[in-house]
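Here is how the chains run, residue by residue.
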Amino acid sequence: MNSYSFPFNRMRRTRAKKFIRNLVKETNLTVNDLIYPIFIVDGTDKKEPIPEMPGLFRYSLDILKKEIKNIVDLDIPAIAIFPYISNSLKNMSGSEALNKNNIICRAIKLIKDTNSELGIICDVALDPYTEHGHDGIIINDYIDNDETVKILCEQALIQAEAGCDIVAPSDMMDGRVKKIRQALENNNYVNTLIMSYTAKYSSSFYGPFRHAIGSINNFRNKEKSTYQMDYSNSKEAVLEAELDVSEGADMMIVKPGLPYLDIISKLNQKFDVPIFAYQVSGEYSMIMTAINNGLLNKSVIIETLTSFKRAGCSGILTYFAPIASKILNEDK
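Residues numbered from 1 in each chain as written. Predicted model: local features only at pLDDT ≥ 70, side-chain atom pairs only at ≥ 80, totals over all residues. Heavy atoms only, no water.

**A short note on the packing of helix α10 (residues 299-311) against helix α11 (residues 321-330)**
Heads up, the condition is: Throughout, an axis means a line fitted to C-alpha atoms (over the contacting stretch in the case of helices), and angles, computed between N-to-C directions, take values from 0 to 180 degrees. Helix and strand labels come from DSSP, where a helix needs a run of H or I of at least four residues and a strand needs a run of E of at least two; each type is numbered from the N terminus. Just so you know how the angles are binned, under 35 degrees is roughly parallel, over 145 roughly antiparallel, 65 to 115 roughly perpendicular, and the rest oblique. We call two residues in contact when some of their heavy atoms are within 4.5 Å. Just so you know the grouping, Ala, Val, Leu, Ile, Met, Phe, Trp, Tyr, Cys and Pro go in nonpolar, Asp, Glu, Lys and Arg go in charged, and all remaining residues, Gly too, go in polar.
Across the interface, α10 lies against α11 with an axial gap of 10 Å and an inter-helix angle of 100 degrees. Considered as vectors, α10 and α11 are oriented roughly perpendicular to each other. In contact with I301, I302 and L305 of α10, α11 contributes I323, A324, I327 and L328. By residue class, the composition of the contact of α10 with α11 is seven nonpolar, no polar and no charged.

Following this line, the structure appears as structure tokens:
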């Protein structure tokens, strides 16, 4: 092992000027690392503010078309779309998820018609569509795993048929990646990617998101810990990852982001598939509220996003994507 000592080794030499700091930088964040989660709502001429997520909106499809052009102009490579569903369309089984003309399917087609190169990621889960707000089918007061997976397979196929590039099962049901992969293969969607929510923790950081999709008031039982992971556990995340990769996942997501950098690092050291972090709504709202109140400046956005890359992420799902893109493009 090398022996280091002062003054022969002065660490500040490589910090003295900007050019050398840039040359020795170990981690680089670019616009290509960003995925923008976006909320959509039925109707026309709607750009609804989301009070719990300052600066973010729900878009009707006609307004979404204009927003897509803005996203493309910022060089953001991909978006993840989430629906706000009317309560009149929700039921116990989440059947609107299987409607081939639902708002997600219509949005996919509109986006591809607007810009065919923009990547589209679709959430495979039932919570936006169920009147109870859970991610699956309730049988005997329990989220039934296998019956839920059957519906998720149909949902993924419908999204692939509409033109989705990546399906992202976020439900945390056992075995769903394998069943979805088999369904895609059997129906000739062999190039549709699966970005699995591999380590999705039962977290209090999801609150603003549930407001954004309108599921916050629907829980008959707010407990999701029978399928989402216990935030005390890390070895369990490795097993989840082993299962998802063996079942055909092309990529994996760790969610939430900042409180779980250790999980990202652990999975990065063990697996060769791309790993993504989801910087979730609670993280966004805390940081943005602090910025809006003058407690922090916008540089903290790039600092936190870089931490995901440093931990081993290939990319990040973040509501800060447009702001971060402007900052990164200005710094070129």
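There is more to say, and it comes next.
**Description of the pairing of strand β10 (residues 251-255)**
Just so we agree on the cut-off: Type-normalised accessible area, obtained with a 1.4 Å probe on protein chains alone, sets the label of each residue: buried when under 20%, exposed when over 50%, and partly exposed for intermediate values. Between any two strands, pairing holds if DSSP finds at least two bridges. With the strands pointing away from the viewer, any crossover whose connection runs clockwise from the first strand over the helix to the second is right-handed.
By the criterion of burial, β10 is predominantly enclosed, with five of the five residues buried. Burial along β10 is two-sided: M251, I253 and K255 and M252 and V254, pointing in opposite directions, are all buried. Relative to β10, strand β9 (residues 193-200) is paired through five bridges, and the arrangement is parallel. Residue pairing across strands places S196 opposite M252, the latter belonging to β10. Pairing between β10 and strand β11 (residues 275-279): three bridges, direction parallel. Within β11, the position partnered with V254 by the bridge is A277. Each parallel crossover has a hand, and the one from β10 via helix α8 (residues 261-270) to β11 is right-handed.

**A short note on the packing of helix α4 (residues 145-162) against helix α5 (residues 176-186)**
Let me state the cut-off plainly: If you view the pair so one helix is near and one far, a crossing is left-handed when the near helix is turned anticlockwise from the far one by less than a right angle, and right-handed when it is turned clockwise.
Between α4 and α5, the least distance of the axes is 9 Å, while the angle of their chain directions is 45 degrees. Here α4 lies oblique to α5, going by the angle between them. Of the two elements, α4 crosses α5, and the hand of that crossing is right-handed. Residues V149, L152, C153, A156, L157 and A160 of α4 form the contact with α5, whose participating residues are R176, K179, I180, A183 and L184. The class makeup of the residues in the contact of α4 with α5 is nine nonpolar, no polar and two charged.

**Notes on the packing of aromatic side chains**
We apply this condition: Centres within 6.5 Å make a pair out of two Phe, Tyr or Trp rings, where for Trp the six-membered ring is used; the pair is then stacked when the planes are under 30 degrees apart, edge-to-face when over 60, and tilted otherwise. Charge over a ring is defined by NZ of Lys or CZ of Arg lying within 6 Å of the ring centre and within 35 degrees of the ring normal.
Under the counting rule described, the total for this entry stands at 11 aromatic pairs. Between F39 and F82, the ring centres sit 6.2 Å apart and the planes meet at 40 degrees, which makes this aromatic pair tilted. Placement of F39 in strand β1 (residues 34-41) and of F82 in strand β4 (residues 78-84) is noted, with a sequence separation of 43 residues between them. In this structure F82 comes out as buried when scored by relative accessible area, which is 3%. Each ring, one from F57 and one from Y59, has its centre 6.2 Å from the other, and the planes form 50 degrees; the classification is tilted. Looking at F57, the relative accessible area reads 24%, which means it is partly exposed. Cluster of aromatic residues (ring-pair linked, three or more members): F39, F82, Y197, F209, Y278, Y284, Y319 and F320. A cation sits over an aromatic face here: K255 above Y206, 5.0 Å from the ring centre.

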